[in-house]
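What follows is each chain in one-letter form.
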Amino acid sequence: MAGFDKVVGSYAEAMAGLEDGMTVIAGGFGLCGIPENLIAEIKRKGTRDLTFYSNNCGVDGFGLGILLEDRQIRKMVSSYVGENKLFMEQLLAGELEVELTPQGTLAEKMRAGGAGIPAFYTATGYGTPVGEGKEVREFNGRHYILEEAIVGDFAIVKAWKGDRYGNLVYRHTAMNFNPEAATAGRITVAEVEELVEPGELEPSQIHTPGIYVDRLIQGTFEKRIEQRTVRAG
């Protein structure tokens, strides 16, 4: 079973093959469950003209936001972009292409891509700018627009635990987008907090089967809080 071992020894090896102009799907929600070290490796590599599919674009100085500093991202497809000043500046200056997508639609685009479904109909966005230029059909008296699925050149995700065969378990809010993203990459790279041996994960608790994961690395994480709110003393 040695050939099933997905563990790599460095972040450079984890992101080997990422080239200019590629499409990357990134898991996480806000700053929770983001593959922060894989993102940092993309910055170190200096890969440019990237298209990212992700719920948001991080914040200034952290998450996907660090890739905006050297203008490595050409296009963002996101459902929320409100926490990043640099993102706003590049968008308004015409330096960054942005495609806003409803959150549920974005998640389904990833899920469908991973399931081999090329497109699907959804009522979300019909009659709004989201639906402009898209095919419309009527089912049971309601209008739906056709949305195409996503398959990325790379998918990068972060999990709580993983074994050497690439089986992954996520925790809490990290379940947002990570499981869907993990299925939709031609090459899927996962970083984990804890690396365990095969057989240590309860099979019924595995969220992403190892068949979807190509590379795995154990990391340490800052886990920054996006907005800290405290009660007045």
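The structure under discussion appears in the preceding block.
What comes next is a walk through the structure. Just so you know, these numbers come straight off a predicted model, no measurement behind them.

Each disulfide consists of one covalent bond between the sulfur atoms belonging to two cysteines. Taken as a whole, this structure holds zero disulfides when the rule is applied. Cysteine 32 takes part in no disulfide bond, and the closest cysteine sulfur to it belongs to cysteine 57, at a distance of 17 Å. The class for cysteine 32 is partly exposed, based on a relative accessible area of 32%. The class for cysteine 57 is buried, based on a relative accessible area of 1%.

Let us look at helix H2 (residues 36–45). Given 3.6 residues per turn, any residue in an α-helix points the same way as the ones three and four places further on. Every buried residue of H2 is listed here: Glu36, Leu38, Ile39, Glu41 and Ile42. Tucked inside the fold, the buried residues of H2 contact helix H1 (11–14), strand E2 (50–53), helix H3 (65–68), strand E8 (152–163) and strand E10 (185–196). One or two positions beyond H2, positive phi appears at glycine 46, with a value near 80°.

With that out of the way, let us pick up the pattern of salt bridges. One pass over the full model with this rule turns up 14 salt bridges. Across the pair arginine 164 and aspartate 5 runs a salt bridge, and its minimum N-O distance is 3.5 Å. With arginine 164 in the loop between E8 and strand E9 (168–169) and aspartate 5 in the segment before H1, this pair connects stretches of sequence that are 159 residues apart. Arginine 164 sits in the partly exposed class, given a relative accessible area of 26%. On the basis of relative accessible area, aspartate 5 is assigned to the partly exposed category, the value being 34%. Across the salt bridge formed by lysine 75 and glutamate 97, the nearest N and O atoms sit 3.8 Å from each other. With a gap of 22 residues between them, lysine 75 in strand E3 (residues 73–78) and glutamate 97 in strand E4 (residues 97–100) connect regions that are remote in the sequence. Several salt bridges share partner residues, and in doing so they unite Arg74, Lys75, Glu97 and Glu99 into one network.

For the rest of this paragraph, the subject is the layout of surface pockets. Of the voids in this model, the largest pocket is the one considered here, and its volume is about 280 Å³. Cys32, Gly33, Lys158, Glu193 and Lys223 are, among the 16 residues lining the largest pocket, the residues nearest its centre. At three residues, E8 tops the list of elements feeding residues into the lining of the largest pocket. Its residues assigned to classes, the lining of the largest pocket comprises seven nonpolar, two polar and seven charged. The computed volume of the second largest pocket comes to approximately 180 Å³.

Looking now at the sheet that holds strand E6 (residues 136–139). The sheet built from three strands is open, its strands ordered E5-E7-E6 with antiparallel pairing. A single partner strand is all that each edge strand has here, and the edge strands are strand E5 (119–122) and E6. This sheet shows a mean twist of 35° between the axes of neighbouring strands, independent of strand direction.

Let us look at the pairing of E6. Bridge count between E6 and strand E7 (residues 142–148): four bridges; the pairing is antiparallel. From the neighbouring strand, phenylalanine 139 faces E7, where its bridge partner is arginine 142. Here E6 hands over to E7 after two residues, with asparagine 140 in that stretch at a positive phi of 50°.

The next point concerns the packing of aromatic side chains. Within the structure shown, the criterion is met by three aromatic pairs. Geometrically, the ring pair formed by phenylalanine 4 and tyrosine 165 is tilted, given 5.9 Å between the ring centres and 55° between the ring planes. Of the two residues, phenylalanine 4 sits in the segment before H1 while tyrosine 165 sits in the loop between E8 and E9, which places them 161 residues apart along the sequence. Aromatic ring contacts, followed pair by pair, group Tyr121, Phe139 and Tyr144 into a single cluster. Cation over ring: lysine 158 sits above phenylalanine 221, and NZ or CZ is 4.7 Å from the ring centre. Here the guanidinium or amino end of arginine 171 rests over the ring plane of tryptophan 160, the centre of that ring lying 5.1 Å away.

Scanning the model with the defined rule gives one cavity of 30 Å³ or more in all. Looking at the largest cavity, its volume works out to about 50 Å³. Together, Ala26, Gly27, Gly28, Phe29, Gly30, Ile34, Ile39, Ser54, Asn56, Gly58 and Leu64 line the largest cavity.

The rules behind each value
- Residues numbered from 1 in each chain as written.
- Predicted model: local features only at pLDDT ≥ 70, side-chain atom pairs only at ≥ 80, totals over all residues.
- Heavy atoms only, no water.
- Disulfide = S-S within 2.5 Å.
- Buried < 20%, exposed > 50% of the residue type's maximum accessible area, 1.4 Å probe, protein only.
- Helix = DSSP H or I, 4+ residues; strand = E, 2+ residues; numbered from the N terminus.
- Contact = heavy atoms within 4.5 Å.
- Salt bridge = Lys/Arg side-chain N within 4 Å of Asp/Glu carboxyl O.
- 1 Å grid on protein atoms, 1.4 Å probe; cavity = no way out; pocket = protein on both sides within 12 Å on 5 of 7 lines; lining within 4 Å.
- Points joined across faces, edges and corners; volume = space filled by probe spheres on them.
- Nonpolar A, V, L, I, M, F, W, Y, C, P; charged D, E, K, R; others polar.
- Pairing = 2+ DSSP bridges.
- Axes fitted to C-alpha atoms, helices over the stretch in contact; angles between N-to-C directions.
- Phe/Tyr/Trp six-rings, centres within 6.5 Å; stacked < 30°, edge-to-face > 60°.
- Lys NZ or Arg CZ within 6 Å of the ring centre and 35° of its normal.

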